[in-house]
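Survey of secondary and tertiary structure
These are the residues of each chain, in order.
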Amino acid sequence: MERFTISLDEELARAFDALILDRGYSNRSEAVRDILRTHIEASRLAREDAPHCIANLSYVYNHHERELAERVTHAQHERHDLCVATLHAHLDHDNCMESVILRGATGDVRAFADALIAKPGVRHGALNLVTADCRSAPHSHDERSGVNGTASLPHVHYRPRS
């Protein structure tokens with residue numbers, strides 16, 4: 001681990017300590033690391049230096065909108081390569097919220113999210129991206145080579161970038 005020292009004027013130091021307290025960090029180092037990660041991620045995304053990502057797409061929609069639920073489900077099935085899981089919650093008589101966990105090429109994830117949010121009846125859509133390293137992994141996760149001794153199928157690991 002590398003160490004570095006920074007100097008802050010008193011006003012900035014007090015504001016930073018208040019932020020640490022408000023957010024529940026245990027110390028300044030944890031807060032600085034988190035701030036750096038946030039800015040590094042934003043820079044990667046702005047430079048389009050993030051070929052792969054993991055993401056959460058959340059949106060609210062009116063389930064009475066004609067065939068909207070079916071269109072949303074169809075869109076998710078069409079891109080099953082991106083859609084890992086979906087959480088559906090009933091907010092009230094008219095509105096539902098869904099959160100879709102996505103992973104894949106950043107451009108594909110953004111295009112999918114933009115298309116889904118643009119569907120008539122979808123409101124309050126937001127996409128949260130985290131850049132990821134992507135590696136093919138032709139191995140199993142235990143000592144056996146696969147189920148009942150069969151060869152394990154290759155799969156892909158997505159690991160958040162730090």
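Quantities reported herein were computed from a predicted structural model and do not represent experimental measurements.

1. Let's talk about helix α4 (residues 106–117)
Relative to the 16 Å expected for twelve residues at 1.5 Å per residue, α4 spans 16 Å between its end C-alpha atoms, a close match to the ideal helical length. Taken together, the buried positions of α4 are occupied by T106, V109, F112, A113 and L116. Mapping the buried residues of α4 onto a view down its axis gives an arc of 130°, with all of them on the same face.

2. Overview of the confidence of the model for the protein chain
In the predicted model, the protein chain carries a mean pLDDT of 83, and 79% of its residues have values of at least 70. The spread of mean pLDDT over the elements of the protein chain runs between strand β5 (residues 155–160), the lowest at 67, and strand β2 (residues 83–90), the highest at 95.

3. A short note on the environment of L116
With respect to the element layout, L116 can be found in helix α4. By relative accessible area, which is 1% here, L116 ends up buried. C-alpha of L116 to C-alpha of Q76: the two residues are 40 residues apart in sequence and 9.0 Å apart in space. Ignoring sequence-local partners within four residues, the contact set of L116 consists of L57, Y59, V72, Q76 and V122.

4. Thoughts on the pattern of salt bridges
Applying the stated criterion to the full structure yields five salt bridges. Of the charged contacts in the structure, one is a salt bridge between R33 and E30, with a shortest N-O distance of 2.6 Å. Placement of the pair is R33 and E30 together in helix α2 (residues 28–46), with a separation of three residues, close to one helical turn. Of the charged contacts, one joins D108 and R79 as a salt bridge, the two residues approaching to 3.9 Å between their closest N and O atoms. Of this pair, D108 sits in helix α4 while R79 sits in the loop between α3 (68–78) and β2, and the two are 29 residues apart along the sequence. For R79, a relative accessible area of 26% puts it in the partly exposed group. One salt-bridge network, held together by shared partners, links R79, D81 and D108.

Cut-offs and rules
- Residues numbered from 1 in each chain as written.
- Predicted model: local features only at pLDDT ≥ 70, side-chain atom pairs only at ≥ 80, totals over all residues.
- Heavy atoms only, no water.
- Helix = DSSP H or I, 4+ residues; strand = E, 2+ residues; numbered from the N terminus.
- Expected span 1.5 Å × (residues − 1).
- Buried < 20%, exposed > 50% of the residue type's maximum accessible area, 1.4 Å probe, protein only.
- Arc of directions from axis to C-beta.
- pLDDT = per-residue confidence, 0-100.
- Contact = heavy atoms within 4.5 Å.
- Salt bridge = Lys/Arg side-chain N within 4 Å of Asp/Glu carboxyl O.

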